Structure formats: structure tokens, C-alpha cells
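Notes for the structure review
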Amino acid sequence: MAVAHAVQCPYCFDAYTHACLEKGSNLEEMTEAVHVTNAIRGGASLVHGVQMRKIAGKISL
């Protein structure tokens, strides 16, 4: 579920939602996976922003 949201695959959302429910997950657990994904992606985006600034700084010299 988390990976499906990280890569933003709509077909995966459907498949993993069905699979999670079939295996006994509940909506609260699935929502937690989505929240963790959002927290991680936000952090990764911040790191990518820092990398961009370093590259831009080197180019500007």
C-alpha cells in the first residue's frame, strides 16, 4: 500500500486495497501506511531540494 502511494499508481491503489482487505487489514492500518508514505515523500522532497541548491550553487560559481 505504501509503495503504491509513493509511486502514485492508481491501478496499484485498487489492487493493494483489495489485497489488504482480503488479508485482514482495516482502514485505520491502511490509512497509517498512506500517512507514513506522505511523511517519507515529504522528507525525500526536502532532500532533493537541498541537492538541487548544491548543484545550482556549483553551476553559479
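Residues numbered from 1 in each chain as written. Predicted model: local features only at pLDDT ≥ 70, side-chain atom pairs only at ≥ 80, totals over all residues. Heavy atoms only, no water.

So, the overall build of the protein chain
Looking only at helices and strands, the protein chain has three helices and zero strands in total. Beginning at the N terminus, the succession of helices and strands in the protein chain can be written as α-α-α. Across the 61 residues of the protein chain, 11% fall into the buried class. For the protein chain, the computed accessible surface area is about 5,000 Å², with 63% contributed by carbon and sulfur atoms. (Helix = DSSP H or I, 4+ residues; strand = E, 2+ residues; numbered from the N terminus. Buried < 20%, exposed > 50% of the residue type's maximum accessible area, 1.4 Å probe, protein only. Areas by Shrake-Rupley, 256 points an atom, 1.4 Å probe, with all protein chains shown as cover.)

Side note on helix 2 (residues 10-22)
For helix 2, spanning 13 residues, the distance from its first C-alpha to its last is 19 Å, which sits close to the expected 18 Å at 1.5 Å a residue. G24 sits one or two residues past helix 2 and shows a positive phi near 100 degrees. (Expected span 1.5 Å × (residues − 1).)

Focus on the environment of N26
Its location among the elements puts N26 in the loop between helix 2 and helix 3 (27-60). At 2.8 Å, the side chain of N26 forms a polar contact with the backbone nitrogen of E29. (Polar contact = N/O pair within 3.5 Å; in protein donor to acceptor, adjacent residues only side chain to side chain.)

Observations regarding the environment of V3
Its location among the elements puts V3 in helix 1 (residues 2-6). Looking at V3, the relative accessible area reads 61%, which means it is exposed. Separated by 13 residues in sequence, V3 and Y16 place their C-alpha atoms 9.7 Å apart.

Let's talk about the confidence of the model for the protein chain
For the protein chain, mean pLDDT is 82; residues scoring 70 or higher make up 89% of the total. In the model of the protein chain, helix 3 stands out as the element of lowest mean pLDDT, 79, in contrast to helix 2, which has the highest, 88. (pLDDT = per-residue confidence, 0-100.)

Overview of the side chain of T37
Along the chain, T37 turns up in helix 3. You can call T37 buried: its relative accessible area is 5%. Within the local environment of T37, its side chain forms a polar contact with the backbone oxygen of A2, the two atoms lying 3.2 Å apart. Apart from the residues lying within four places of it in its own chain, the contact partners of T37 are A2, H5 and A6. (Contact = heavy atoms within 4.5 Å.)

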